[in-house]
Amino acid sequence: MTHPRLDDPLDIGSVTLPNRLYRAPLLECAGTGPEAVETLISELEPAARAGAGLVCQGATIVADEGGCAAPEMTRVTDPEFVANLRELTDRIHEHGAKIAIQLEHGGLRSMETWHTEYRDANSGLRQLAVSPVPKPLRLLDRLGFLDYDAHVLDTDEVYELARNFGRSAGMAVDAGYDIIHIAGANMGIVHQFLSPFYNRRADEFGDGPRFLEVVYDEIRAQAGDVPVMTKVPAETAAPPGIGPHLTEDDARSICRRLAEYGYDAVVPVSGSVVWDASIVRGSYPARAWEDERYQSGYESAFGGKVRSRLVALGNRIEAWWYDFDPAWNGELCRRVRDEVSVPVLCEGGIRERGEIDRLLGSACDAVGMARPFYAEPELPARLLGRDVTPETRAVCESCNNCAVPQVTGAPGVCRTPSVLRAAGELRTVGAYDRPAKSVDDVPTDPEG
Ligand SMILES: Cc1cc2nc3c(=O)[nH]c(=O)nc-3n(C[C@H](O)[C@H](O)[C@H](O)COP(=O)(O)O)c2cc1C
Ligand code: SF4
C-alpha cells in the first residue's frame with residue numbers, strides 16, 4: 001500500500017482538506033468582544049495563507065456563563081456575534097484551507113475552580129460536574145489550591161448541555177465553519193464524562209461515551225451533516241496511585257465506538273486525569289515564570305506570591321516528569337488507526353518533516369502541530385515548500401514559555417528570544433514566502 005503524502009487531499013466526512021497538515025487547536029485568547037473577529041483573523045489566517053489544509057480554532061465555550069478553562073476564551077452562544085465570524089471563515093477559505101471550530105465546556109476545570117481573582121469576582125458561579133468532585137481534587141480544595149462549589153448535572157441537565165453543543169454547532173455552520181471539533185480531552189467536561197476518575201454516574205451517562213453520542217445527535221439535529229470530530233483521551237500519564245482511569249485500550253474502544261456511531265474523524269491524545277504538562281510535553285518555562293511583566297497577574301490568578309511560587313515548583317516537577325518526547329501520540333494513533341475506518345489525526349510533539357512522512361499512512365491520516373504555530377504562524381510554507389527536506393523542522397523548542405502567561409489573559413505568542421530570532425532569520429531569507437508547489441500552481445501570464 002502506498003502511503004499518502006503530506007500534500008495529498010484528505011476527506012473528513014463530506015469535506016475535503018487540500019492537504020494533511022493542520023494547525024491543532026491552540027488558545028487565541030480572542031474573547032467575545034468587538035475585537036474578537038479581528039484577533040482570530042490575525043491568529044488563524046497566516047496558517048491558511050501559508051498552506052495548512054485545516055486550521056482548528058482553539059476551544060470555544062458553549063455556555064452563556066461560566067465554563068471557561070482560561071481567560072479570554074470565545075463563547076459561541078450569541079447568534080449575532082457568531083454570524084460575524086463569517087469574516088474569519090471567508091478569509092480562511094480564500095486561501096483554499098478549511099476551518100474547524102472546537103466546542104468545549106470546562107466543567108470542573110473551569111476558571112471558577114482555579115483562578116482566584118475570577119472566582120472572587122464571580123462568586124455565584126458553580127462548576128458543572130459529571131459526579132461529585134473526585135477525592136484527590138477535594139484535597140487540593142482543602143489545601144486552598146482549588147475552590148469547588150460543584151453542581152452535579154442531573155440527567156435532564158446533561159441533555160440540555162448536549163443541546164448547547166448542538167446549538168453552538170448550528171450557529172458555527174451558519175457562519176461558514178467546515179468541521180465541528182469537540183474538545184473531548186484535556187480535562188474539559190467531555191473528558192470528564194469519558195473518564196472513570198470523574199464519572200461515577202448511575203444513569204445512562206455513567207457510560208461515558210454516551211454523552212458524545214448524544215452530542216453527535218444534537219449536532220446532526222441542529223447543524224445538519226457537517227463533519228464532526230473529537231479528541232479522545234487516554235489517561236496513560238496519570239500519576240501513580242490515581243484510581244480508575246482511561247487506559248490506551250479504553251481510548252481505542254471509545255474511538256471505535258464513536259467512529260461506528262458516525263464521528264467523521266478522531267484525534268487520540270494521551271494525558272493525565274488533570275490539566276498538566278502531559279499534554280504539552282516540554283521543558284520548564286523559566287523565562288515565563290521570571291518575567292516581571294506577569295508577576296502580578298500570576299499572583300491574582302493563583303492567590304498570592306507563595307501559591308504562585310508553588311505552582312511554578314509544580315511546573316518544574318511536571319517538566320521533569322513529562323519530558324519532551326517526539327511525536328508522543330504516534331503509537332496510540334497507530335493502534336487506533338488499526339481499528340477505525342475514519343481518519344485519525346495525530347498531534348503532540350511533531351516537529352520535523354521526516355517524522356511527519358513516517359507517521360502519515362502508518363500511524364495517522366493527518367498531522368497537526370500547535371505550539372510551533374505560535375513561533376511560526378506561517379510554518380506550513382516551510383513544511384510544504386519546494387525546498388523542504390526530511391530535516392526541515394519547526395523552530396519551536398517546546399519550552400512552554402508561551403503557555404504560562406496565558407493564565408493572565410496574555411495573548412498566545414512565542415516568548416523565547418532565540419526562537420523568535422531563528423524565525424526572524426528564516427523570514428529574512430524568504431522561507432515563508434509560499435512558493436508555487438507544482439506546475440498547476442504556477443500563475444499563468446494572462447497576456448500570454
Ligand atoms: C497554550 C496552549 C493552548 C492549547 N489549547 C488547546 C485547546 O484549546 N484545545 C485543545 O484541544 N488543545 C489545546 N492545546 C493542546 C494542543 O492542541 C496540542 O495537542 C498540544 O499542544 C501538543 O501539540 P504540540 O506539541 O504541537 O504543541 C493547547 C496547547 C497549548 C500549549
Ligand atoms: S515559547 Fe516559543 S519555543 Fe517555547 S513552546 Fe512556545 S512557541 Fe515554542
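This report concerns the structure included in the present document. Every chain is numbered independently, its residues counted from 1 as its sequence is written. Whichever chain is written first is A, and whichever ligand is written first is 1; the rest continue in order. In view of the model being predicted, local features appear only for residues whose pLDDT reaches at least 70, and side-chain atom pairs are presented and counted only at 80 or more, with totals across whole chains, interfaces and linings using the full set of residues. Side-chain numbers here rest on the full set of heavy atoms in the structure, without hydrogens or water.

Comments concerning the packing of aromatic side chains
This is how the line gets drawn: Only centres within 6.5 Å qualify two rings of Phe, Tyr or Trp (six-membered ring in Trp) as a pair; their planes then separate them into stacked at under 30 degrees, edge-to-face at over 60, and tilted for everything else. Using a 1.4 Å probe on the protein chains alone, a residue whose accessible area is under 20% of its type maximum counts as buried, one over 50% counts as exposed, and one in between counts as partly exposed.
Applying the stated criterion across every chain, the model contains 14 aromatic pairs. Measuring from centroid to centroid gives 5.7 Å for Trp320 and Trp321, while their planes differ by 55°, and the two rings are tilted. Judged by relative accessible area, which is 64%, Trp320 ranks as exposed. Judged by its relative accessible area of 45%, Trp321 is partly exposed.

Topic: the site of ligand 1
Applicable threshold: Note on terminology: near, applied to a residue and a molecule or strand, indicates that one of the residue's heavy atoms is within 4 Å of it. Polar contacts, as used here, are pairs of N or O atoms within 3.5 Å; protein pairs need one atom able to donate a hydrogen and one able to accept it. Residues neighboring in sequence count only if both atoms are side-chain atoms. Accessible surface is estimated by sampling points in the Shrake-Rupley manner with a 1.4 Å probe; for residues, cover comes only from the protein chains shown. Secondary structure is summarised from DSSP: a helix means a run of H or I of at least four residues, a strand means a run of E of at least two, and numbering begins at the N terminus for each. Residues were grouped as follows: Ala, Val, Leu, Ile, Met, Phe, Trp, Tyr, Cys and Pro as nonpolar; Asp, Glu, Lys and Arg as charged; and all remaining residues, including Gly, as polar.
Around ligand 1 lies a shell of 22 residues, among which Pro25, Gln102, Gly349, Arg351 and Arg371 are the nearest. Taking Glu347, its side chain carries an N or O atom lying 2.9 Å from an oxygen atom of ligand 1. Here ligand 1 loses 95% of its free accessible area of 610 Å² to cover by the protein chains. When contributions to the shell around ligand 1 are tallied by element, the ones reaching two or more residues are strand E4 (54-61) and helix H16 (371-375). Per-element tally for the shell around ligand 1: the top contributor is H16, with three residues. Split by residue class, the shell around ligand 1 holds 12 nonpolar, six polar and four charged.

Here we look at the site of ligand 2
Of all residues adjacent to ligand 2, which total 14 residues, the nearest are Cys396, Cys399, Asn400, Cys402 and Cys414. Tallying contributions element by element places H16 first for the shell around ligand 2, with three residues.

Considerations on the pairing of strand E6 (residues 98-104)
Let me state the cut-off plainly: If DSSP finds at least two bridges between two strands, the strands pair.
In terms of burial, E6 is a largely internal element, six of the seven residues being buried. In this sheet, E6 lies alongside E4 in parallel orientation, the contact comprising six bridges. Looking across to E6, one finds that Cys56 is bridged to Ala100. By the bridge criterion, four bridges tie E6 to strand E9 (residues 179-182) in an arrangement that is parallel. By the bridge assignment, Gln102 is partnered in E9 with His181.

Focus on the state of the cysteines
The cut-off we apply is this: Here, a disulfide means two cysteine sulfur atoms that sit within 2.5 Å of each other.
As enumerated under the stated definition, the model contains zero disulfides in all. Between Cys56, a cysteine without a disulfide, and Cys346, which holds the nearest cysteine sulfur, the sulfur-to-sulfur distance is 13 Å.

Comments concerning the pattern of salt bridges
Defined as follows: Think of a salt bridge as a Lys or Arg side-chain nitrogen and an Asp or Glu carboxyl oxygen that are within 4 Å of each other.
Applying the stated criterion across every chain yields a total of 27 salt bridges. Here Glu28 makes a salt bridge to Arg23, at a shortest N to O gap of 3.3 Å. Residue Glu28 is classed as buried on the basis of its relative accessible area of 5%. Glu213 is the partner of Arg257 in a salt bridge, and the nearest nitrogen-oxygen pair spans 2.8 Å. Remark: Glu213 occurs in helix H9 (residues 209-223) and Arg257 occurs in helix H10 (residues 248-261); sequence separation between them is 44 residues. For Glu213, a relative accessible area of 8% gives the class buried.

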